[in-house]
Amino acid sequence: MLEIVALHAGYGLVPVLNAVSLRVGKGEFVAIVGPNGAGKSTLFKTISGIVTPSAGHLRFDGKDLLAVAPAARAHLGIAHIPEGRQVFPSLTVLENLEMGAYTEAGQRDWKANLEKIHTWFPVLAQRAKTPAGALSGGQQQMLAIARGLASSPKLLMLDEPSMGLAPAAADEIFERIVSIHETSGLTVLLVEQRVAEALHFADRGYVLEAGRMVLEGTHDELKSNDRIRQAYLGM
Amino acid sequence: MNIAQFIENFLQALVAGLLTGSIYGLMCVGLSVIFGVMRVINFAHGDFMMLGMYVAYYAFGLLGIHTLFGASAGPYVAALVAGPVIFLAGVLAHRLLISRVTGIRGNALQAQGHYAQLILTLGLALVLQNGGLYFFGSSPVSIATPLASNAWSVGPLYADRIEIFVNQGQSIAALIALAVVAAFVVIMSRSRLGKSLRAAADNPEAATYMGIDVARSHRLAFGFGVAVTAIGGGLLASGTSFQPYVGLEYVIVMYAGVVLGGLGSVGGAFFGGLTIGLVQQMSTLFLPNQLQNTAIFVIFLFIVLVRPQGLFGTALRRT
Amino acid sequence: MKRQLIAIAVFAVVYASLALFVEHSYYLLILAIVPVWAVMGLSWNLLSGYSGFVSFGHAAFFGLGAYFVALAQIHWGLSPWLGIPCAALVGAAAGLVVGIPTFRLRGHYFALAMLAYPLALLYVFEWLGYQELALPMQREHGFAYMQFEDHRIYVWLSLALLVAAMVITAIVERARFGMSLIAIREDEAAAEAAGIRTLAWKLKAITLSGAMAGAAGGFYAVVLLVVTPPAVFGMLVSAQALIVAMFGGSGSVWGPVIGALVLVPLSEVLHAQLGNIIPGIQGVVYGVAIIAVILVAPEGVFWKARDILARRRAGISPVVADLPHVAVTPPACNANAGGAIAFEVRNVSKAFGGLKAVRDVSLQVRQGEILGIIGPNGAGKTTLFNLLNGFIRPDQGSILLNGEEVIGRSPYQLCAAGVGRTFQVVRPFRRMSVLENVIVGAFVNAPSVAQARVAAQDALDQVGMRAQEEQLAGTLTNKQLRLLEIARALAGKPKLLLLDETLAGLGAGEVEEVIGVVRALAARGITIVIIEHTMQAMVRLVDRFVVLNEGALLAQGLPEAITRDTAVIDAYLGKRWRTANA
């Protein structure tokens, strides 16, 4: 579904991604782990078009993504849930979801999606009229994920959904993501600093270090690998 | 001056302030939308307003609105015509000039980009007001309407000693201004378009992830912003005389109102503009006419220095 | 500096002799007016070009100067020879009066507030009845009242004013004054952290700028003999000052002069030729000029030309190879690590709204020790640094530097007291050279530019970047930028150095090099606190770790102990990891 080949990207003179290749099949749950500053968020931003790559190929559903304007990529079925949640603080919870459903598919499935979202995240139904800025961190993260789901995506890209959350809230978010993946069969690409959780649930994983993919494997292969321990703890 | 006379003057100024203030409020809403969505301070805003006045003026005279709708209703129709015309002008100005230094591309320029926008609109302001001299001439004009010199009288009150006159032309203009503001608020809060504009204002990056074309949102916001203000200008055009430099007189009025209301808050901007109108008219009770504008500037400076977040801004944004 | 002065002298001679070949009085008038606007451009440039605080209100100073000269001559018979210097004082005073309240504002708010001053004054002067003031003719004492039959004298006087403004600008630019202003423009927070008293320099800048504009206004009144409020307080005056400077290139001596030389004659000639057909042609010229510059070359003609020349030169000369770095063998164990307590944090907390960014953190750092603060994203590390160097005040707790409470001190005071810092996002002053960047950091403990230069070069030696001292900071690689930041902080001779993610985004070999530099600093007795996300390279760098998680202290201890600490492993890898790998 998503295929990235030898991607190079960066900000101005500072290169961040160096020949990154990655493949995500339909229905897969793929995790990218690696220390902070490795370029994970830049990779996501390049996929959704905020960062323009200097070289490499990006294909989604067989289409060349580089020929698609950033705002049009969401309409192809890519839902990017950015790092740090980035909900629209002055819009209400419901309005945030409506914005998530800005795509044609999202508008078409609006009723059904809203119902599903409300069963997955009941708190969003209770607080529908609250401005998103007034939600707690965990609730904002739920809203960010729900907003992505409201677009009826083919691919859900989650950037550090547990960041800055209390452990209990992070666990809850994690369970929800896994159950959404399992019940709907949605393709998920996850960037996470909680390596253990990420690799536990993912079908496959990649390790990104200093802008390079240094390791790739199934979750069993990666879980016992010392390279990850080294990447995080330096030993 | 006895007390009854002072009260009469006071009430008269209050009425005048509310009427002018409503139109100022409308104009401030336009400036505020542009800042709210694009984070650009439009220096040329007063000059788009001036264009709106001339569009209303020529629409009234040359396009035959006068003959179609008559001298009483015609000026208001002409003012409303200014809206869509200036909307197109704004969209064009954004596409050709402002979009090049704003939005995602402009963000790359970071801090420089901020001033680039401001200074670009300064250039646009100079071109519009001075180019206006060529196209419109330098002699002041105004739209002639009998309503401008008719007034309803209220009173006599308080043992026949107080009588207030409410200018008919201004009253109708104020009502239209209120209606336009109300319509605009409804569009911004209820419609899909309005919500997408607010989303783009809140977080352009996340809006892009939703599939919202942020550049288009900015273009529309700029168009709406100048159009709304142009209607305000059109409404003023039948009460006062104007020339191509008129924008400068109002631009500080608008900044003051918008800052008073809290930059970026549409509701706040309206009340900010209303307050400025009141201050301006009330100041005539104590100050010579020529210092009206100075009073506004002083209040503007006072607000920016003491409470830059505005008086209404934070409170209104939450509701 | 010498080359600059010679260039100014050559320019002055050429311009002065131009007047000898011009007969027509209208063209002589243009020749006399061009330097006035160049001075206005330089005046604007001194404040806005160097410090980055964009003013839309320079007409206020110009107009006050013009009215002062006119009114003083009318009412007191004061000759412009004295009146113009006094007008400069009036402008300076106005600058100071405007600056004190207005510098509380930043960005757009500053620009808008500045716009209001001249427009308010315009209406006040109209109300005072000064719609049109004519300077009284003094046919008998022409010279004494600066009134000349020979109009070339105006050109030369005007030129003298311009030369004075250029020389002042050139001196300011090279001095601590100018460098401090540029540092403020590039990054006010970084400048403050580098020990620059930002408000004091900004006030000096607006005062001097007001003086220049006041003098220009005073002279303008003498040349035109008539003063009206719109002509001296009008929007176009402020705009012209800004536009000539930005068109030519702000932040330079020559930019505003180039701008005035091109735009003033162009608009005047077009006005003379087409003024009766197209009445607003002058304003259109300035408007179009500034739009074109913003779209095509936002840095202005001068810088654009310089960049093109520099690129052409760079094309022929060979690329300067990265010199081998100073080889420093890291000591196995830091001998100083057992010294006295240099720095102590006691129970410090800070909340932003509901978010508790730092909760009840206590830690001690010994002289010459390298302390590593680590923790996942959002753990409160940078907030802690901002508390330590005075950017923000803690809600509670105390911070002791050599046993002395430092809470409430501003960043530049702390910098002067020996706290240096770098930033997570590198904040170099991009348009300055490497050496100039570091000199700015040296001012805090160097009384003169020469001493600052020595300190800066010494700092560059310590990080192994002496060879790149002439390079523009904007052209450096990530690693060089990190080293530059360290050097800038070092130049202030800090006792305590706060390094914020200095190793982030570096390649493996580069990390080793920077580690070597930092260890060498510690060996010289500088106490170092360094923040990182990851422990990876830090294990080889630091003497001791402090681990933060969710704003609170999670663990502290020696590197070997920390990497085995279960709480730390949980924070970094998750509980599942520990149970799976146990």
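Residues numbered from 1 in each chain as written. Chains lettered and ligands numbered in written order. Predicted model: local features only at pLDDT ≥ 70, side-chain atom pairs only at ≥ 80, totals over all residues.

What follows deals with the overall build of chain C. Within chain C, the regular secondary structure consists of 23 helices and twelve strands. A principal-axis box enclosing the C-alpha atoms of chain C has dimensions of 100 × 55 × 45 Å. Looking at the 582 residues of chain C, the share that counts as buried comes to 54%. For chain C, the share of sequence-separated contacts (at least 6 apart) that also reach a separation of at least 24 residues comes to 75%. (Helix = DSSP H or I, 4+ residues; strand = E, 2+ residues; numbered from the N terminus. Buried ≥ 20, exposed ≤ 12 C-beta atoms within 10 Å, placed from the backbone. Contact = placed C-beta atoms within 7 Å.)

On to the overall build of chain A, then. Helices and strands together make up the secondary structure of chain A, namely eleven helices and ten strands. Over its C-alpha trace chain A gives a radius of gyration of 17 Å, about what one expects of a compact globule, namely 18 Å for 235 residues. Dimensions of chain A, computed from C-alpha atoms along their principal axes, come out at roughly 45 × 40 × 30 Å. The proportion of buried residues among the 235 residues of chain A is 54%. Restricting to contacts in chain A with at least 6 residues of sequence separation, those with at least 24 account for 68%. (Rg over C-alpha atoms; globule rule 2.2 N^0.38 Å.)

This part is about the interface of chain B and chain C. Between chain B and chain C, the contact holds 37 residues from the first and 33 residues from the second. Broken down by secondary-structure element, the contributors of at least two residues to the side of chain B that touches chain C are α5 (110-136), α10 (246-261) and α12 (292-306) of chain B. Grouping the amino acids of the side of chain B that touches chain C by side-chain chemistry returns 26 nonpolar, ten polar and one charged. (Nonpolar A, V, L, I, M, F, W, Y, C, P; charged D, E, K, R; others polar.)

Let us now look at the environment of K202 of chain C. Residue and element names in this part refer to chain C. Tracing the backbone through its elements, the reader meets K202 in helix α9 (residues 198-224). Note: C-alpha distance between K202 and L181 (21 residues apart in sequence) is 7.1 Å. Residues contacting K202, with those up to four places away along its chain left out, are S51, F53, G99, F103 and I184.

Attention shifts here to unusual backbone geometry. Trans peptide bonds make up the majority, and among non-glycine residues the majority have a negative phi. One non-glycine residue, A19 of chain A, lies in the positive phi region at around 50°. Along the chain, A19 of chain A turns up in strand β2 (residues 14-24). One non-glycine residue with positive phi stands out, namely M146 of chain C, at about 55°.

What follows concerns the interface of chain A and chain B. At the interface, 20 residues of chain A touch 17 residues of chain B. Broken down by secondary-structure element, the contributors of at least two residues to the side of chain A that touches chain B are α2 (70-76) and α3 (93-100) of chain A.

An α-helical turn contains 3.6 residues, so a residue and the one three or four places further along point in the same direction. Residues and elements named next belong to chain C. For helix α3 (residues 59-76), which comprises 18 residues, the first-to-last C-alpha distance of 24 Å matches the rise-based estimate of 26 Å (1.5 Å per residue) to within 8%. Summarising burial for α3: 14 of the 18 residues are buried, a large majority. One or two positions beyond α3, positive phi appears at G77, with a value near 65°. (Expected span 1.5 Å × (residues − 1).)

With respect to the helices and strands, I41 of chain B occurs in the loop between α1 (3-38) and α2 (45-61). The buried category is assigned to I41 of chain B, around which 22 C-beta atoms lie within 10 Å. Remark: the alpha-carbon pair of I41 of chain B and Q117 of chain B, spanning 76 residues in sequence, is separated by 7.6 Å. Residues within four places of I41 of chain B in sequence aside, it is in contact with F35 and L118 of chain B together with H108 and L112 of chain C.

Turning our eyes to something else, we now look at the sheet that holds strand β11 (residues 544-549) of chain C. Either a parallel or an antiparallel arrangement is found when strands of a sheet pair, and the pairing is made through backbone hydrogen bonds. Residues and elements named next belong to chain C. Read across the open sheet, the six strands follow the order β8-β9-β10-β5-β11-β12; overall the sheet is mixed. Looking along the sheet, the strands with just one partner apiece sit at the ends: β8 (419-421) and β12 (552-557). Geometrically, the sheet is characterised by an average inter-axis angle of 20° between neighbouring strands, direction not taken into account. Relative to strand β10 (residues 527-532), strand β5 (residues 370-374) is paired through five bridges, and the arrangement is parallel. Bridge pairing in β10 places I370 opposite I528. (Pairing = 2+ DSSP bridges. Axes fitted to C-alpha atoms, helices over the stretch in contact; angles between N-to-C directions.)

Okay, the sheet that holds strand β7 (residues 155-159) of chain A next. Residue and element names in this part refer to chain A. The mixed open sheet is built from six strands, whose spatial order is β6-β7-β8-β3-β9-β10. Sheet topology places β6 (78-81) and β10 (212-218) at the edges, where each strand pairs with a single neighbour. Along the sheet, successive strands turn relative to each other by an average axial angle of 15°, direction set aside. Sheet topology places strand β3 (residues 29-33) next to strand β9 (residues 204-209); four bridges connect them, and they run parallel. Across the sheet, the residue bridging to V33 is V207, located in β9.

Moving on to the nonpolar core. In terms of nonpolar packing, the biggest core is built from 389 residues, with A56 and F300 of chain B together with A216, I290 and A487 of chain C touching the most fellow members. The biggest single contributor to this core is α1 of chain B, with 15 residues. Once residues lying within four places of it in the same chain are set aside, the contact partners of A487 of chain C are V438, A459, L460, V463 and M465 of chain C. (Core = buried A, V, L, I, M, F, W, Y, C linked by C-beta atoms within 7 Å.)

Glancing now at the environment of S162 of chain A. As for its placement among the helices and strands, S162 of chain A is situated in the loop between β7 and α8 (167-184). Apart from the residues within four sequence positions on either side, S162 of chain A is in contact with A170, I173, F174, E192 and R194 of chain A.

Here the focus is helix α20 (residues 508-523) of chain C. All names here are of chain C. Compared with the 22 Å implied by 1.5 Å per residue over 16 residues, the 23 Å span of α20 between its first and last C-alpha is a close match. For α20, the secondary structure elements touched by its buried residues are β5, α18 (449-463), α19 (478-491), β9 (496-500) and β10. Positioned one or two residues after α20, G525 has a phi angle of 100°, which is positive.

Let us now look at the packing of α2 of chain B against helix α9 (residues 214-236) of chain B. All names here are of chain B. For the pair α2 and α9, the least separation of the axes is 7 Å and the interaxial angle reads 55°. Compared by their axis directions, α2 and α9 come out oblique. Handedness of the α2/α9 crossing: right-handed. Of the residues in α9, those touching α2 at H45, F48, M49, M50, L51, G52, M53, V55 and A56 are V226, T229, A230, I231, G232, G233, G234 and L236. Looking at side-chain class alone, the contact of α2 with α9 contains eleven nonpolar, six polar and no charged residues. (Parallel < 35°, antiparallel > 145°, perpendicular 65-115°, else oblique. Left-handed = near helix turned anticlockwise from the far one by under 90°.)

A few words now on the packing of helix α6 (residues 152-174) of chain C against α9 of chain C. All names here are of chain C. For the pair α6 and α9, the least separation of the axes is 11 Å and the interaxial angle reads 175°. With respect to α9, the element α6 is oriented roughly antiparallel. Side by side, α6 and α9 meet where Y154, S158, L161 and A165 of the first sit next to M212, A215, A216, F219 and V223 of the second. Considered class by class, the residues forming the contact of α6 with α9 number eight nonpolar, one polar and no charged.

All right, on to the pairing of β12 of chain C then. Residue and element names in this part refer to chain C. Alignment of β11 against β12, held across five bridges, turns out to be antiparallel. Across the sheet, residue V546 finds its bridge partner in β12, namely Q556. Adjacent in sequence and paired antiparallel, β11 and β12 are bridged by two residues, among which E550 carries a positive phi angle near 50°.

Residues and elements named next belong to chain C. Per-residue pLDDT for chain C has a mean of 86; in total, 93% of the residues score no lower than 70. Low confidence marks residues 316-337, where pLDDT is under 50. Its contacts with residues over four positions away, or in another chain, come to 27 contacts. Interface predicted TM-score (ipTM) for the complex: 0.91; the corresponding pTM is 0.86. (pLDDT = per-residue confidence, 0-100.)

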